[in-house]
Amino acid sequence: MLYIILLMQLHLSVLPFRVTVHREKANGHIHEGDSVTLTCGLENCTPKQGPFAWFKNKLLLPHATESELKFSFVSHEDFGNYSCGLKNSNRTLTNETLLDVRYSPKNVEITVFPSGEIQEGDSLTLICKSNANPAVTNYTWFKISRTNVSYVGCSREYSIRVVSQTDDGQYFCIAENDIGYQNSTVLTVTVLKVEEPGHQHFLLAATGALFFGIAVTLVIFCLVKRRTQFATKRLTEQVCVCISSDQRPTATLTEEVYENLRKMSKPEFEENLTNLTYAELMLPPTNTDRPRHNSQEDRLVIYSLVRNNEDH
């Protein structure tokens with residue numbers, strides 16, 4: 001009996017998963033606000049057993065464990081590359097599929113270069129930045145001066161080579177693409193006035209002269225004060241000396257004459273009486289402190305004894 005044994009080889013292979021994008025609109029692009037569903041499955045079927053794992057830009061989405069990932073109102077934040085597979089199995093990960101959400105410009109803002117204070121004569125560049133899909137196609141710059149709004153530029157960057165006081169004001173930009181547009185917040189540009197070199201030198205010179213004048217005034221004041229104190233001290237010493245000398249008793253000229261007369265004895269006086277000669281003496285005013293009773297006292301006549309020269 002001839003037995004023919006047929007050997008059959010069974011080859012098993014695991015088909016890769018893929019992400020399928022389903023949207024409400026059959027044709028056209030996905031716009032912000034549309035309803036979108038992403039499905040993780042095989043080419044001809046979608047397994048129901050799980051759990052599944054979803055990734056956005058290679059980062060795990062922890063709350064997505066079903067075979068479908070739904071977006072009721074898709075937004076610009078949902079834009080990215082998605083992949084899926086069976087959880088805990090890296091071999092079943094799909095290739096990344098782009099969820100291309102189109103939206104108008106977002107987060108429009110102005111950056112200033114260079115940063116910091118702006119002075120007359122400096123250069124200034126204002127840059128309008130935004131996030132948009134598709135990319136921004138038109139930029140528009142406006143300047144607000146008091147109540148007037150004027151157009152100043154139409155590119156992404158607005159540059160001023162030499163800044164002056166006329167460039168002082170508020171600026172904003174508008175970014176626009178095929179979906180829509182958005183304007184930035186207002187940026188205030190303050191231009192500082194630069195002082196002229198001559199004026200700066202004048203201020204420095206005036207300040208130096210002021211301090212010099214103050215220093216000279218203080219020196220003169222100190223010298224005058226010291227001199228006054230020294231003169232006051234000398235005057236005080238002189239007054240004290242005068243007071244001390246005035247306290248000593250003094251005799252007037254008249255008192256000295258009478259004192260001479262009193263010193264003669266009576267016999268001598270009678271013996272020389274015949275030889276007396278009267279003389280009138282006019283005495284000058286004295287510095288005595290004795291009070292005067294009348295003005296005639298200035299011409300007081302004093303008689304003194306004078307010996308006759310004939311006796312000798």
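Residues numbered from 1 in each chain as written. Predicted model: local features only at pLDDT ≥ 70, side-chain atom pairs only at ≥ 80, totals over all residues. Heavy atoms only, no water.

1. Describing the sheet that holds strand β4 (residues 52–56)
If you trace the 4 strands from one edge of the open sheet to the other, you get β5-β4-β7-β8, paired in antiparallel fashion. Each edge of the open sheet carries a strand with a single partner, namely β5 (59–61) and β8 (97–99). This sheet shows a mean twist of 40 degrees between the axes of neighbouring strands, independent of strand direction. Pairing of β4 with β5, which is carried by 3 bridges, proceeds in the antiparallel orientation. Along β5, the bridge assignment pairs Lys56 with Leu59. (Pairing = 2+ DSSP bridges. Helix = DSSP H or I, 4+ residues; strand = E, 2+ residues; numbered from the N terminus. Axes fitted to C-alpha atoms, helices over the stretch in contact; angles between N-to-C directions.)

2. Topic: the state of the cysteines
Counted under the stated rule, the structure contains 2 disulfides. Residue pairing for Cys40: its cysteine sulfur links by disulfide to Cys84, the two sulfurs lying 2.0 Å apart. Taking the sign of the S-S torsion, 90 degrees for the link of Cys40 and Cys84, the bridge is right-handed. Remark: Cys84 occurs in strand β7 (residues 80–86) and Cys40 occurs in strand β3 (residues 36–41); sequence separation between them is 44 residues. (Disulfide = S-S within 2.5 Å.)

3. Quick notes on the confidence of the model for the protein chain
Counting all residues, the mean pLDDT for the protein chain is 76, and 64% of those residues have values of 70 or more. In the model, residues 1–13 has pLDDT below 50 throughout and makes 0 contacts with residues more than four positions away in sequence or in other chains. Every residue in residues 293–312 scores below 50 in pLDDT, and together they form 32 contacts with partners more than four places removed in sequence or on other chains. (pLDDT = per-residue confidence, 0-100. Contact = heavy atoms within 4.5 Å.)

4. With respect to the packing of aromatic side chains
By the definition in use, this model includes 5 aromatic pairs. Judged by centre distance (6.0 Å) and plane angle (70 degrees), the ring pair of Phe71 and Tyr82 falls under edge-to-face. Of this pair, Phe71 sits in strand β6 (residues 68–71) while Tyr82 sits in strand β7, placing them 11 residues apart in sequence. Phe71 sits in the buried class, given a relative accessible area of 13%. Connected via pairs of aromatic rings, a cluster forms that spans Trp141, Tyr158 and Tyr171. (Phe/Tyr/Trp six-rings, centres within 6.5 Å; stacked < 30°, edge-to-face > 60°. Buried < 20%, exposed > 50% of the residue type's maximum accessible area, 1.4 Å probe, protein only.)

5. Examining the sheet that holds β6
Strand-to-strand pairing in sheets goes through backbone hydrogen bonds, with the strands running parallel or antiparallel. Spatially, 3 strands are ordered β1-β3-β6 in an open sheet, and the strand pairing comes out antiparallel. On the outer flanks of this sheet lie β1 (18–23) and β6, each paired with one strand and no other. Adjacent strand axes in the sheet meet at a mean angle of 15 degrees when their direction is disregarded. One ladder, built from 4 bridges, connects β3 with β6; its direction is antiparallel. If you follow Thr37 over to β6, its bridge partner there is Lys70.

6. Observations concerning a nonpolar patch on the surface
Where nonpolar side chains cluster on the molecular surface, the patch consists of Leu210, Phe211, Ile214 and Leu218 and spans about 430 Å² of accessible area. Within the secondary structure, Phe211 sits in helix α1 (residues 197–246). The class for Phe211 is exposed, based on a relative accessible area of 56%. (Patch = residues over 30% accessible without salt bridge, like charges linked within 9 Å, V, L, I, M, F, W, Y side chains within 5 Å. Areas by Shrake-Rupley, 256 points an atom, 1.4 Å probe, with all protein chains shown as cover. Salt bridge = Lys/Arg side-chain N within 4 Å of Asp/Glu carboxyl O.)

7. Some remarks on the environment of Cys84
What makes Cys84 buried here is its relative accessible area of 0%. Taking the C-alpha atoms as reference points, Cys84 and Gly41, 43 residues apart in sequence, are found 8.7 Å from one another.

8. A short note on the pairing of β7
Here β7 lies mainly inside the structure; 5 of its 7 residues are buried. As defined by bridge partners, β4 adjoins β7 across 5 bridges and the pair is classed as antiparallel. By the bridge assignment for β7, Ala53 is matched with Gly85. Relative to β8, β7 runs antiparallel, the two sharing 3 bridges. The partner of Asn81 across the bridge, within β8, is Leu98.

9. Concerning the environment of Ala64
Structurally, Ala64 is set in the loop between β5 and β6. Of the residues examined, Ala64 reaches a relative accessible area of 11% and is grouped as buried. Those residues in contact with Ala64 that lie beyond four places of it in its chain are Phe52, Ala53, Trp54 and Leu69.

10. As for the nonpolar core
By size, the foremost hydrophobic cluster in this structure holds 18 residues, and its most contacted members are Leu124, Leu126 and Trp141. Elements represented by at least two residues in this core include exactly β9 (101–113), β11 (124–133), β12 (138–145), β14 (157–160) and β15 (169–176). With 4 residues, β11 is the largest single contributor of residues to this core. Aside from chain neighbours lying at most four places away, what touches Leu126 is Ile110, Thr111, Val112, Trp141, Arg156, Glu157, Tyr158, Tyr171 and Leu187. Of all hydrophobic cores here, the second largest spans 16 residues; its members include Phe52, Ala64, Val74 and Leu99. (Core = buried A, V, L, I, M, F, W, Y, C linked by side-chain atoms within 4.5 Å.)

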